[in-house]
Each structure stands twice: as C-alpha cells, then as structure tokens.
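Topology and contacts: notes
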Amino acid sequence: MLRLMTWNIRTGGRDRGGSDRLDRVVQVVEEQAPDVLALQELRGFDRDGLMAAVADRVRMTPHLARSCFGQPVAVLVRPPYRVVDAGTLRRPFHHAAARVVVDTPAGPLTVLGTHLHPYSGGRRRMEVDWLAAAVRRSRGPLTLLAGDLNSLDPAVDHTARLAGMPILYRRRHLRRGGGTVDTRAIARLLAADLVDLWPACNVGVPEPDGHTVPTRFGGAEFAGMRLDYLLATRALAERVGDCRVIRGGAADTASDHYPLLATIDL
C-alpha cells in the first residue's frame, strides 16, 4: 500500500515573532510515514538549505516548486519509491504547482502538488484549468492532484457556515457581484472526471469529519471547512483503500490545517 498525504504547514512551520512548529510538523510526518507527501506554505524552504534539512529529517527526497508571488510547495517521495520525472508547472500560480512522476508496480503515478489562490475565486478557477490540462497530459491513467485548494465542495450547503464569518474572510468564498457561494474550482475539477477521495471513501460519514481547518492552533479566517483535497483519476480512485483527516496529538497544533491521508493499493 502506498500512503499519500497532503498538508499545509502554515508559513513554513515557523511564525514571525512566535513559535517554531517544525519539530511538531516533523513528528506528524514521522508518525504517519507517507510514501508521497505534498506540502504547502513552505516559506523560507527555498533558501539556506531548509528544504533539504527537513527532507533529511523525515527521510524523503524533496521536489520543490518555487513561487513568484506566494510561498513554495513541494512533493516529497520516500525510498524505495523512485522518481522518474519531476518539475514545476510553468504557469503564474499565486503560490506554485509541483509535478512528480513516481515509478510503481501499477505503472507511473503522477502527483500534482499545489496551493491555489487564497483570495480570488476567479483566479482559483483559472488555476484549476491549468491543473486539469496538466492531468490530461499526465503519463498513464494514474494521476492525483493534492493540496490546499482554498475551495469549497459544491455538494455541500455552506450558506449558514459562511454567514457566521467576518466579511473580510467570507468574501473569499463568494462570487463577485451576486454574493453566492463560489464552488466553481472544485466543480471544474470534478467535471474533468477527477474523483474527490474524501467523500468517495466516507459515504455516510458526517461532513464535518472531513473538515481540514481550523485546528486547535488557530485559524481565525476559517469556519469549519474542508479546504484540502486529494482528487484522483478514476483508474487511481478504484485503488484507494481509505482517506482520512489526521487529528490528535501534534497535528492539533503543528499548523492551522490538518493533514489529509489516503492509502492506495498499487
């Protein structure tokens, strides 16, 4: 079984003028032992050897995508899995998007790790179109999109939850003009025939169990929401055993997002 995890670790696991959370981040990764790990908000990881140092602590090989406007993202792979191709999606993402192709017994597995625009639904819609095009170009049928998509599930009624948020944060999830809830980014990925793994693996489970924000660390800009996703092509989704949010222990305070983990039979 291949274990694949996505996690936004909030500003590189370190807070300006505050605590250093990297030890807790490393602890969670070691406890969950993912074979493939998509990380977001890697502030400072593109200098001073920080990416290599953290990757060495968790015994994984990193593939970092630098950002022009926001924060880097990365996909890390644990031996003995072997990376046969890796790169960055050369589009003007607000943050970035990394592409890694892993050799598996079932054929090449393409993983796209990304972090979508935090403030604009229109920009998120543009970014998911670039990602959908990258999925279509992937090698073979096994592709997974992982990351903090800053987007709401179109199958859920978010009206009441958003109504309790301050307008500064609520408007990030509303369409401009009409004020209706903006779920276009995830809807476009589902229309591209990707499978949203958390609801697919948790039929009948209460929707709040899938929320990835906020944690006990905080997250004033969040109501209870699912902003972090693993979306798979149908050929890959058929091989998924389970998909769950990692809560408890160090995961409660290592970031303002909880990790999302899936196991895949390859």
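Look up: the structure comes first, before these words.
As a starting point, this report considers the structure included with it. On a predicted model such as this, the values are computed, not experimentally measured, just so you know.

Some thoughts on the sheet that holds strand E11 (residues 240-245)
- Taken in spatial order, the 6 strands make up an open sheet running E3-E4-E2-E1-E12-E11, and their pairing is mixed. Because the sheet does not close on itself, it has two edges, and the strands there are strand E3 (61-65) and E11. Sheet twist, expressed as the average angle between the axes of neighbouring strands with direction ignored, equals 15°.
- Of the pairings in the sheet, the one linking strand E2 (residues 36-40) to strand E4 (residues 73-77) comprises 4 bridges and is antiparallel in character. Bridge pairing in E4 links Leu 39 to Ala 74.
- Of the strands in this sheet, strand E1 (2-8), E2, E11 and strand E12 (260-264) are in contact with helix H1 (residues 22-32), which crosses E1 at around 160°.
- Against the sheet, helix H2 (residues 50-58) makes contact with E3 and E4, and its axis sits at roughly 35° relative to E4, the strand it touches most.

Section: the side chain of His 95
- For His 95, the location among the structural elements is in the loop between strand E5 (82-88) and strand E6 (97-103).
- Classification of His 95 as buried rests on a relative accessible area of 6%.
- At 2.9 Å, the side chain of His 95 and the backbone nitrogen of Gln 71 are in polar contact.
- There is a polar contact of 3.5 Å between the side chain of His 95 and the side chain of His 115.
- His 95 has contacts with Arg 66, Ser 67, Cys 68, Gly 70, Gln 71, His 115, Leu 116 and Pro 118, leaving out every residue within four places of it along the chain.

Remarks on the environment of Val 75
- Here Val 75 lies in strand E4.
- Each C-alpha atom, one on Val 75 and one on Ala 86, is 9.3 Å from the other, the two residues being 11 residues apart in sequence.
- Beyond its immediate chain neighbours, meaning those up to four positions away, Val 75 contacts Val 36, Leu 37, Ala 38, Thr 61, Pro 62, His 63, Ala 98, Val 100, Val 111 and Gly 113.

Rules and cut-offs
Residues numbered from 1 in each chain as written. Predicted model: local features only at pLDDT ≥ 70, side-chain atom pairs only at ≥ 80, totals over all residues. Heavy atoms only, no water. Pairing = 2+ DSSP bridges. Helix = DSSP H or I, 4+ residues; strand = E, 2+ residues; numbered from the N terminus. Axes fitted to C-alpha atoms, helices over the stretch in contact; angles between N-to-C directions. Contact = heavy atoms within 4.5 Å. Buried < 20%, exposed > 50% of the residue type's maximum accessible area, 1.4 Å probe, protein only. Polar contact = N/O pair within 3.5 Å; in protein donor to acceptor, adjacent residues only side chain to side chain.

Worth remembering: the numbers are spatial, not functional.
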